[in-house]
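Given next are the chains, with one letter for each unit.
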Amino acid sequence: MLRAIYPGSFDPVTYGHIDIMRRSCKIVDELIVGVLSNKAKIPLFSVEERVKMLREVTKDLNNIRIVPFDGLLVEFAARMDAGLVIRGLRAITDFEYELQMSQTNQKLDPNIETMFLTTSIEYSYLSSTTVREIAAFGGDLTQFVPEAVALELEKKMNTKGECNK
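Residues numbered from 1 in each chain as written. Predicted model: local features only at pLDDT ≥ 70, side-chain atom pairs only at ≥ 80, totals over all residues. Heavy atoms only, no water.

Visitor: If you had to explain the pattern of salt bridges to someone new, which residues and values would you point to?
Guide: Tallying each qualifying case throughout the model produces 11 salt bridges. Measuring nitrogen to oxygen at the nearest pair gives 3.7 Å for the salt bridge that ties Arg 3 to Asp 81. Taken together, the residues span a long stretch of sequence, with Arg 3 in strand 1 (residues 3–8) and Asp 81 in the loop between helix 3 (73–79) and strand 4 (84–89) at a distance of 78 residues. Judged by its relative accessible area of 16%, Arg 3 is buried. Measuring nitrogen to oxygen at the nearest pair gives 3.9 Å for the salt bridge that ties Arg 132 to Asp 11. Highlighted residues: Arg 132 in helix 5 (residues 128–136) and Asp 11 in the loop between strand 1 and helix 1 (15–27), separated in sequence by 121 residues. Taking the relative accessible area as the measure of exposure, Asp 11 reaches 5% and is therefore buried. Members of the salt-bridge network, linked through shared partners, are Arg 3, Glu 30, Arg 65 and Asp 81. (Salt bridge = Lys/Arg side-chain N within 4 Å of Asp/Glu carboxyl O. Helix = DSSP H or I, 4+ residues; strand = E, 2+ residues; numbered from the N terminus. Buried < 20%, exposed > 50% of the residue type's maximum accessible area, 1.4 Å probe, protein only.)

Below, the structure is given as structure tokens:
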């Protein structure tokens, strides 16, 4: 059984992330979406909120699991019995960072392989940061995230008083 991990913060999940997940699900037997709790960043959504949104937008994919984690990716992969990490690439700058991370992970655990998928062209510019900025100014999010995520973003921005409509 080929089990892979697609790790990220997904704060929030975008159509670009979902594109990588859907394509990955066609390649592997099981895809574990690892939702990172990153102590170095202050996320807009809690890990629980991100997991809930991911489960909602991937409910039609039958070979996917959404699992929160913290710590080293290689340790998470070992716990999940996954030998493959999938990473999406949007631009050359992503590749430089991802190559370094891949090589570091390989050094930490030689059993971990990394596979890079280039983002579909229609999502190559898209990032969670961009989506949060658009949401903060009350912009239309429908072309960037699923409706369920757009609603959660709008609620979060209104609750935090960050929406500048």
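There's more to say after this.
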